[in-house]
Amino acid sequence: MNTTDDTAGHTAGDGRGRGPSRRTVVTAAAALAVLGTAPRAAAAPRRGTAPDDTCLRYDAIVVGAGFAGVTAARELAAAGARTLVLEARNRIGGRTWTGTFAGRTVEFGGTWVEPTLQPNIARELARYGIPLTEDAPPERTFFPTPDGPREYATEEGFGLMGRAYEPVFDGSRTYFERPYEPLYRADLLRDLDQRSLRDRLDELRLTPADELLVTGQTGTLSGGSSAEGALTALARRWALAGWSNEGLGRADTRRVEHGTHRLLKAILDDGAPELLLGSPVAAVDQDGGTYPGPVRVTTVSGRVFHAPAVVLAVPANMWRTIAFRPGLPEAHATASAQGLAVSHATKLWIHARTPAGHCYAQGAEGSPISLLIPDQLLPDGSRLFVGFSVDPSFDSTDRAAVRRAVRLLGPELEIIDVRVQNWGTDPYARGGWTFLKPGQLTTLHPSLGRPHGRIAFAGSDIADGWSGYIDGAIESGLRAAGQALSF
């Protein structure tokens, strides 16, 4: 499970979240000094001839400092464009977020990468010489059965799930013949894309035991119910992973050593754009004339910036919070209204003691916590676990509720502390991992990567390849930068 992994969100200030009490201009050097690594100094922005300095001109403006945004900014700067990055949060990373919990470095958002399957992340890691660490496999597993949770030996438990899972994707070698060109066989996808995962499971007529094994995964990925997620959304990942359960599992086992922010900083350092943190965008106006730039970007605090090109690198769920003139194309407006990322996505870090040891647990569809993944063993014998929830009624901040929810999965945990990131209620994300709904791939996706005037769109949500992963964010950032340079 990768908690979407890509872009930073921005909002037009609708009052759902509290923004910073004051807005300050922070260059990339100053911002990254706070994070621990300062890049080379960025050139001072050129000022237009407007009456005051609230109107500044750049060659390109990137909205969002997640992986898609910083990648686009690096490419623009490498082409000689004076580039400004506007980031709503007081940190870079967007839906990736490296922090600390129980004295350890942890990821509150997107985490896992796999260079053997993901070419964009492979290229970036090699470029900056950044190694990966591999998660230790669980020693015990718990899976749901008709009689309640049951413990299995690791190979047996995952083997049972894999055998039940594989028939879901029969035919995907044909309809996703070229995984990085998801619509290559659009002729085969027109009807198939209308089907939910629930439709496919009903067709397979799984046994009650197999149904529980499969829907614990499909329900979580879909955002609560297998009826909400498209069959094609998961089949795309299956194809990208080599049409195998082994490949799909491998995509979620390695992570950037010392945290995703290490790679983010390396990319940002390379491009050294000017960076303004705490600067959510309220409006993007392409009808403002040509002086001092054809696109005008206004922040919530009222600052105005002009540029010939804009890269909008925020989650698709956030597009609707920005005022565009002219308005967004129909496909983009529909995608933002419907949402491309799971709207009830919560990631929990749990510090606990347990006799279950390094254990993995999966719940039935609808469980308050649907997945529990082992992470680190601490010197005092306690452990860190990662949990995922897509239940909007579950109070993940209540330790007693967390303990009860974990017990439903099988293991008994003595909870020491819990840290929660609810991406669904996050004002600059409004959703977690990307998972398309039935019909969105064939009716919306073809248009979402196309520019709107002088606005190019980026973000893991709209990647052709690993949508919902860091690799997809980087892919989209490269594409958007190329488009912006052609304006």
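Structure: above.
Below, the structure is looked at part by part. These figures come from a predicted structure and were not determined experimentally.

**Details of the environment of E114**
Assignment of secondary structure puts E114 in the loop between β5 (104–107) and α3 (119–128). A C-alpha to C-alpha distance of 7.7 Å links E114 and T253, two positions 139 residues apart in sequence. Once residues lying within four places of it in the same chain are set aside, the contact partners of E114 are I121, R250, A251, T253 and R254. Polar contacts involving the side chain of E114 include one to the side chain of R254, which spans 2.9 Å.

**Remarks on the sheet that holds strand β8 (residues 148–152)**
Strand-to-strand pairing in sheets goes through backbone hydrogen bonds, with the strands running parallel or antiparallel. Taken in spatial order, the seven strands make up an open sheet running β8-β7-β17-β18-β19-β16-β20, and their pairing is mixed. Each edge of the open sheet carries a strand with a single partner, namely β8 and β20 (414–422). The sheet shows a mean angle of 20° between the axes of neighbouring strands, taken without regard to direction. As judged from the two bridges shared by strand β17 (residues 359–362) and strand β18 (residues 371–377), these two strands associate in the antiparallel manner. By the bridge assignment for β18, Q362 is matched with L371. Across the sheet, helix α8 (residues 208–222) is in contact with β7 (140–145), β17 and β18; its angle to β17 comes to roughly 85°. Against the sheet, helix α13 (residues 399–409) makes contact with β7, β8, β16 (346–353), β17, β18 and β20, and its axis sits at roughly 100° relative to β20, the strand it touches most.

**Focus on the pattern of salt bridges**
Taken as a whole, this structure holds 25 salt bridges when the rule is applied. Linking R479 and D464 is a salt bridge whose minimum nitrogen-to-oxygen distance equals 3.7 Å. Taken as a pair, R479 in helix α16 (residues 470–485) and D464 in the loop between β21 (455–457) and α16 lie far apart in primary sequence, 15 residues in all. Residue classification places R479 among the partly exposed residues on the basis of a relative accessible area of 23%. What makes D464 partly exposed here is its relative accessible area of 25%. What you see here is one network of salt bridges that share partners, running through R74, E75 and E124.

**Things to note about the packing of helix α2 (residues 67–78) against α16**
One way to put it is that α2 packs onto α16 with a least axis distance of 7 Å and a crossing angle of 40°. Here α2 runs over α16; the crossing is right-handed. The residues of α16 that touch α2, namely those facing F67, A68, T71, A72, R74, E75 and L76, are I470, A473, I474, S476, G477, L478, A481, A484 and L485. Grouping the constituent residues of the contact of α2 with α16 by class yields eleven nonpolar, three polar and two charged.

**Here's the deal with the pairing of strand β3 (residues 83–86)**
Where burial is concerned, the two faces of β3 agree: the one with T83 and V85 and the one with L84 and L86 are both buried. Examined bridge by bridge, strand β2 (residues 60–63) and β3 share four bridges and lie parallel to one another. Bridge pairing links V62 to V85 in β3. For the segment spanning β2, α2 and β3, crossover handedness is right-handed.

**Things to note about the packing of helix α7 (residues 197–204) against α8**
Closest axis-to-axis distance for the α7/α8 pair is 11 Å, and the angle between their directions is 170°. Between α7 and α8, the interaxial angle falls into the category roughly antiparallel. The interaxial crossing formed by α7 with α8 has right-handed handedness. Mapping the contact onto sequence places L197, R198 and L201 in α7 and E211, V214, T215, T218 and S222 in α8. Looking at side-chain class alone, the contact of α7 with α8 contains three nonpolar, three polar and two charged residues.

What counts as what
- Residues numbered from 1 in each chain as written.
- Predicted model: local features only at pLDDT ≥ 70, side-chain atom pairs only at ≥ 80, totals over all residues.
- Heavy atoms only, no water.
- Helix = DSSP H or I, 4+ residues; strand = E, 2+ residues; numbered from the N terminus.
- Contact = heavy atoms within 4.5 Å.
- Polar contact = N/O pair within 3.5 Å; in protein donor to acceptor, adjacent residues only side chain to side chain.
- Pairing = 2+ DSSP bridges.
- Axes fitted to C-alpha atoms, helices over the stretch in contact; angles between N-to-C directions.
- Salt bridge = Lys/Arg side-chain N within 4 Å of Asp/Glu carboxyl O.
- Buried < 20%, exposed > 50% of the residue type's maximum accessible area, 1.4 Å probe, protein only.
- Left-handed = near helix turned anticlockwise from the far one by under 90°.
- Nonpolar A, V, L, I, M, F, W, Y, C, P; charged D, E, K, R; others polar.
- Right-handed = clockwise from strand over helix to strand, strands pointing away.
- Parallel < 35°, antiparallel > 145°, perpendicular 65-115°, else oblique.

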